[in-house]
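Coordinate inspection notes
As a plain string of letters, each chain reads:
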Amino acid sequence: MSGLHLRGVVLPDGDGPTDLWVVNGRVRTQPVPGARTVVDGGYLVPGLVDAHCHVGLGPHGVVDLPEAVEQAITDRDAGTLLIRDCGSPLDTRPLQERLDLPRIIRAGRHLARPRRYIRYLGVEVEREGDLAAAVAEQVANGDGWIKLVGDWIDRDTGELDPLWSDDVLRDAIKVAHDGGARVTAHVFGEAALPGLLDAGIDCIEHGTGLTDETIALMAANGTALVPTLINVENFPGIADGAGKYPSYQRHMRELYARSGERIGAAIEAGVPVYAGTDAGGGIRHGRIVDEVEALHRVGMTRTDALAAASWRARAWLGFPSLVEGAAADVVVYDRDPREDLSVLRHPSLVMLRGRVH
Ligand SMILES: [Zn+2]
């Protein structure tokens, strides 16, 4: 039996160098005879997580499979070994067959209403009452997550408005939960949040419109938040491009101006916050470290910001850290990233499924 051996400080719990072995893609904590040492020194971090990423989506919409592979490799080389896909127009199941690509937890397609999201990206539910049936279809196609578009500009009112009424959301989220899936929603503004949270949604994407009341609700229910701060940086540009809708423009600029303080308040209140880049459309792939640094800037400690992109996010998505029998997904750094997050930009080794890249 050929194995690999790694020696270093194992995060999150290690306080001195320890040894790990890897056999058949799994972590072993007992010595493996004849194992080859591939790491001797440094910091071993459970594979990074991008909790909001669109493999299969590029700046001009859906991409083909070879380009999706390139996106996934770009993410992997940045240390991202687990992706929570947050809706993709491309069926990325073929990528899940490849051992060299990050693990992808697919959400299937975005669920939106006609003219209430980016064209061609999601499934457009013609009749609002058909949302539950559309959810059931995506539950069958995905890996346990459903992505709703919670709010978007309504070109009739010129405002950032919710897409769904409260009772429709309750029915739809119940269908997902009964099918064993969790639900998340794109939400920029304030108005869509109470209905989604009351319906028992599991996660909110962006969340720039969080109020003290909706933050308290999320903290009490343990509802997760993936703010995608590096994509919120695009809000002024989105506003600039919406010249026909001055009220919407003003709203987007206000949301942007308050975003750091609002996400900081959610962190302070104990809402579980995870790192997601929103790579795919307006954000290029491979930027997970930028998001970790952004989370630190709005109030997370360096260790918490790293946890939000590593062990805590992995646990949330059902993947253990570097314990006996766990997947051997490891990123190694020469220095302690908890002391200096920029260390994350230069992994000395990336191991995915026990294979060194
Ligand atoms: Zn997104």
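Conventions used here
Residues numbered from 1 in each chain as written. Predicted model: local features only at pLDDT ≥ 70, side-chain atom pairs only at ≥ 80, totals over all residues. Helix = DSSP H or I, 4+ residues; strand = E, 2+ residues; numbered from the N terminus. Rg over C-alpha atoms; globule rule 2.2 N^0.38 Å. Buried ≥ 20, exposed ≤ 12 C-beta atoms within 10 Å, placed from the backbone. Contact = placed C-beta atoms within 7 Å. Pairing = 2+ DSSP bridges. Domains from an automatic or database assignment. Axes fitted to C-alpha atoms, helices over the stretch in contact; angles between N-to-C directions. Core = buried A, V, L, I, M, F, W, Y, C linked by C-beta atoms within 7 Å. Expected span 1.5 Å × (residues − 1). Arc of directions from axis to C-beta.

**Concerning the overall build of the protein chain**
A count of helical and extended segments in the protein chain gives 12 helices and 20 strands. Taken against the 2.2 N^0.38 rule, which gives 21 Å for 357 residues, the C-alpha radius of gyration of the protein chain at 20 Å falls within 12% of a compact globule. Its C-alpha atoms put the protein chain at 70 × 40 × 35 Å along the principal axes. Among the 357 residues that make up the protein chain, the fraction classed as buried is 50%. A fraction of 66% describes how many contacts in the protein chain between residues 6 or more apart in sequence connect residues 24 or more apart.

**Details of the sheet that holds strand β3 (residues 26-28)**
Taking strand neighbours across the sheet as the criterion, the 7 strands line up as β3-β2-β1-β4-β18-β19-β20 in an open arrangement whose pairing is mixed. In the strand order of this sheet, the two ends are held by β3 and β20 (355-356), each with one partner. Pairing geometry for strand β19 (residues 349-352) and β20, over 2 bridges, is antiparallel. Bridge pairing in β20 places M351 opposite V356.

**A few points about the domain arrangement of the protein chain**
Partitioning the protein chain into domains gives domain 1 (4-46 + 320-356) and domain 2 (48-316). Inter-centroid distance (C-alpha atoms) of domain 1 to domain 2 is 30 Å. On the domain 2 side, the residues contacting the 17 residues of domain 1 number 20 residues. Within the residue set of the side of domain 1 that touches domain 2, elements represented by two or more residues are β4 (36-46) and β19.

**Quick look at the sheet that holds strand β9 (residues 103-105)**
Pairing in this open sheet of 3 strands is parallel, and the strands run β5-β8-β9 from one edge to the other. Two strands bound the open sheet, and with one partner strand each, they are β5 (48-53) and β9. The mean inter-strand angle of the sheet, taken between neighbouring strand axes irrespective of direction, is 20°. Here strand β8 (residues 80-85) pairs with β9 via 3 bridges, running parallel. Within the sheet, the bridge partner assigned to R84 lies in β9 and is I105.

**Regarding helix α10 (residues 288-297)**
Restricting attention to buried positions, one finds in α10 the residues I288, V289, E291, V292, A294 and L295. On the buried face of α10, the contacting elements are β5, β8, α7 (229-232) and α11 (302-307).

**Points about the nonpolar core**
Grouped together as the largest cluster of nonpolar side chains are 116 residues, with contacts concentrated most on L44, A275, L295 and A308. Looking at this core, the element that brings in the most residues is helix α9 (residues 246-269), giving 6 residues. Apart from residues lying up to four places away in sequence, L295 is in contact with L229, V273, A275, M300, A305 and A308.

**Quick look at the environment of G8**
For G8, the location among the structural elements is in strand β1 (residues 4-10). For the pair G8 and V39, spaced 31 residues apart in sequence, the C-alpha separation works out to 7.3 Å. Aside from chain neighbours lying at most four places away, what touches G8 is P17, V39, G41, G42, Y43, L44 and V332.

**Quick notes on the pairing of strand β12 (residues 145-149)**
For β12, a buried count of 5 out of 5 residues is recorded, marking the element as mostly surrounded by other parts of the structure. The alternating pattern of β12 places W145, K147 and V149 on one face and I146 and L148 on the opposite face, and all of these are buried. As paired elements, β12 and strand β15 (residues 182-187) share 5 bridges and run parallel to each other. Along β15, the bridge assignment pairs W145 with R182.

**Some details on helix α4 (residues 166-178)**
With 13 residues, α4 extends 18 Å from end C-alpha to end C-alpha; this agrees with the ideal 18 Å at 1.5 Å per step. Residues of α4 that are buried include every one of L169, A172, I173, V175 and A176, and no others. Projected down its long axis, α4 shows its buried positions confined to an angular sector of 150°, all on one face. For α4, the exposed residues set more than 90 degrees away from the buried face come down to D167 and D178. Where the residues of α4 are buried, they touch α3 (131-141), β12, β15 and α5 (193-198). Count one or two residues on from α4 and you reach G180, which has phi positive near 80°.

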